[in-house]
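Structural features, examined
For reference, the chains in residue letters:
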Amino acid sequence: MQPAYEWDFSIVLEYREVFLRAIGMTLTLALTVIVCGMALGLALYLVRAHSWRVVTIAVTGIVEVLRAVPPLVLLVWIYYCLPILTGLSLSGFQTAVLALSLYSSAFYSEIFRAGFQSIEKGQVEAALSVGMTRSQILRRITGPLAFQRVFPPLVSQCVLVVKNTSLAGYIAVAEILYQGQQISIRTFRPLEVLTIVALIFLVIILPLTFAANALEAKYRKKYFG
Amino acid sequence: MQDTSGAAPLLTIRGLRKSFGPIEVLKGIDLDIARRQVVGFIGASGSGKSTLLRCLNFLEEPTAGEVRLEGELIGLSEKGGRRARLGAGELSRQRRQMAMVFQQFNLWPHKTALENVMEGPVVVQKVPKAEAEARAVALLTKVGLAERMHAYPSRLSGGQQQRVAIARALALQPKVMLFDEPTSALDPELVGEVLKVIADLAKEGMTMVVVTHEMRFAHQVCDQVVFLDQGVIADMGTAEHIFGGTGNRRTLEFLGRYLDHRN
């Protein structure tokens, strides 16, 4: 019979400073990637929707490749190959931001595309008929409407971004999972540490999704009674 | 047949053609619309009447021919005999002189009735907010919706939504109002309230072009009725001419079929 495993969470308290710093790193990385990824995703969609055919095909190709490549491969490739090819050497954090933003931008752009395509043509025609320009229509009519419609998948994608930040540990960015592994190597307590890592992600993500659901319900009630 | 006040027509349409791929929907339309005139477009589905209306404010780009408002070419610029699409700013200025009311209302669902009416003046015409609001409130009062001005479109009936859409179009202070089957999407009991607003505008002397299936309305309100059949003007004249039994054979056939269908 195996001896019962004795759980000991006291080491977590011992390393709480490290955990707190790691949480800070994960949040910073996630927020940066969400902002950059969304901006890039919107730009990709707009270029794809309102450009010459050649550009549209090129952007579609880029989006498909980014979606198909495993994010870890993208991360490692940028970290090791970019310096060889271009002489440009990025820090671990910069690499993580670049790789994860590129990766998530492909998904954001698809989400935005679904949103904009779901808007009835008549909404745009009404705006054109009062004399609005393309950019006014985007900012005042189609943008806000598309954003509301794709809010749930947009939030899902943000949750995925938060989780994908754990890949950055692979190139020694001191986020939660990376620090957790460092601590467990030192303390021989991987089960306790991984449990805590999982709990931290839950604590970050659950409020995000609750807030998102509440916001969505509010919108729905306001506009669609 | 023409209004003989001697003034130049407000809108002139010459040799207008429109194709969608291999299908030619408009096969050469010539028409003058005078100031203060109410012109009705009637015809079967697919006759091209909505397409013609949408070519007027360049929501559809004509394949050939031209539309002029007070002599100004719509949607295109002429330089040395060559024509090119107008820039966004110019097109915007021209479009808001010809405000449009749509079959499906097309109110913006994330804006209240008041905000829908204020949007054009504030965003496009740069009218100060307070002034635009006063104008919007006056127009919503005029169409009988003063109490509902803070409601979102989803809380309004179809008839109310269409009246807000008419106020939104009027807020631009256009030279012409274009109506694209304004009552076709309404429940029968709501048609009357919308037609009344349009008839009131006619009495005030607003120039209007109305694509409609409401023959009685066309008869009572339109000065001039244009019957479109397979992309050409098959007949046109006063409402009396078209509906009084003196129209040509195609008109009489259409009206006969139409009334049979209705009854």
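You'll find the structure just up there.
What you are looking at is a predicted structure, and each value in this text was computed from that prediction instead of being measured. (Residues numbered from 1 in each chain as written. Chains lettered and ligands numbered in written order. Predicted model: local features only at pLDDT ≥ 70, side-chain atom pairs only at ≥ 80, totals over all residues. Heavy atoms only, no water.)

1. Some points on the overall build of chain A
Scanning chain A from N- to C-terminus turns up 10 helices and zero strands. Counting from the amino terminus, helix and strand elements in chain A follow one another as α-α-α-α-α-α-α-α-α-α. In terms of overall dimensions, chain A has C-alpha extents of about 75 × 50 × 35 Å along its principal axes. For chain A, the accessible surface area stands at approximately 12300 Å², while carbon and sulfur atoms represent 68% of it. Counting 18 positive and 11 negative side-chain charges, chain A places the centres of these two groups 15 Å from one another. (Helix = DSSP H or I, 4+ residues; strand = E, 2+ residues; numbered from the N terminus. Areas by Shrake-Rupley, 256 points an atom, 1.4 Å probe, with all protein chains shown as cover. Lys, Arg positive; Asp, Glu negative; His and termini not counted. Charge placed at Lys NZ, Arg CZ, Asp CG, Glu CD.)

2. Description of the pairing of strand β10 (residues 207-211) of chain B
Residues and elements named next belong to chain B. Here β10 lies mainly inside the structure; five of its five residues are buried. By the alternation rule, side chains of β10 split into Thr207, Val209 and Val211 and Met208 and Val210, which are all buried. Here strand β3 (residues 38-42) runs beside β10; their pairing, made up of four bridges, is parallel. Across the sheet, the residue bridging to Val39 is Val209, located in β10. The pairing of strand β9 (residues 176-180) with β10 spans five bridges and is parallel. If you follow Leu178 over to β10, its bridge partner there is Val209. Handedness of the β9-helix α6 (residues 188-204)-β10 crossover: right-handed. (Buried < 20%, exposed > 50% of the residue type's maximum accessible area, 1.4 Å probe, protein only. Pairing = 2+ DSSP bridges. Right-handed = clockwise from strand over helix to strand, strands pointing away.)

3. Digging into the sheet that holds strand β2 (residues 23-33) of chain B
Strand pairing in a sheet takes place through backbone hydrogen bonds and is either antiparallel or parallel in direction. Residues and elements named next belong to chain B. Sheet architecture is open: four strands sit in the order β2-β1-β4-β5, paired in antiparallel fashion. The sheet is open, and its two edges are formed by β2 and β5 (72-73), each paired on a single side. For strand β1 (residues 11-20) and strand β4 (residues 64-69), the ladder comprises five bridges, and the chain directions are antiparallel. Bridged to Leu11 within β4 is Leu69.

4. Details of the packing of aromatic side chains
A full pass over the atoms with the stated rule returns nine aromatic pairs over all chains. Ring centres 5.9 Å apart and planes at 10° place the aromatic pair Trp7(A) and Phe9(A) in the stacked group. A relative accessible area of 36% places Phe9(A) in the partly exposed class. Following the ring pairs from residue to residue traces out a cluster consisting of Tyr5(A), Trp7(A) and Phe9(A). Stacked on the ring of Trp108(B), the Lys or Arg Arg168(B) has its end atom at 4.3 Å from the ring centre. (Phe/Tyr/Trp six-rings, centres within 6.5 Å; stacked < 30°, edge-to-face > 60°. Lys NZ or Arg CZ within 6 Å of the ring centre and 35° of its normal.)

5. Section: the interface of chain B and chain A
With 25 residues of chain B at the interface, the matching set in chain A holds 23 residues. Taking both partners together, chain B and chain A bury about 2100 Å²; carbon and sulfur atoms supply 59% of that area. Considering only the side of chain B, the residues that lose the most area to chain A are Trp108(B), Pro109(B) and His110(B), jointly responsible for 28% of the buried surface there. One can count two salt bridges joining chain B with chain A. With its nearest N and O atoms 2.6 Å apart, the salt bridge here joins Arg54(B) to Glu125(A). On inspection of chain B and its partner chain A, the count reaches nine residue pairs in polar contact (both at pLDDT 80 or more). When residues of the side of chain B that touches chain A are traced back to their parent elements, those giving at least two are α2 (88-95) and α3 (113-124) of chain B. No other element matches the four residues that α3(B) contributes to the side of chain B that touches chain A. (Contact = heavy atoms within 4.5 Å. Buried area = accessible area lost by both parts, 1.4 Å probe. Salt bridge = Lys/Arg side-chain N within 4 Å of Asp/Glu carboxyl O. Polar contact = N/O pair within 3.5 Å; in protein donor to acceptor, adjacent residues only side chain to side chain.)

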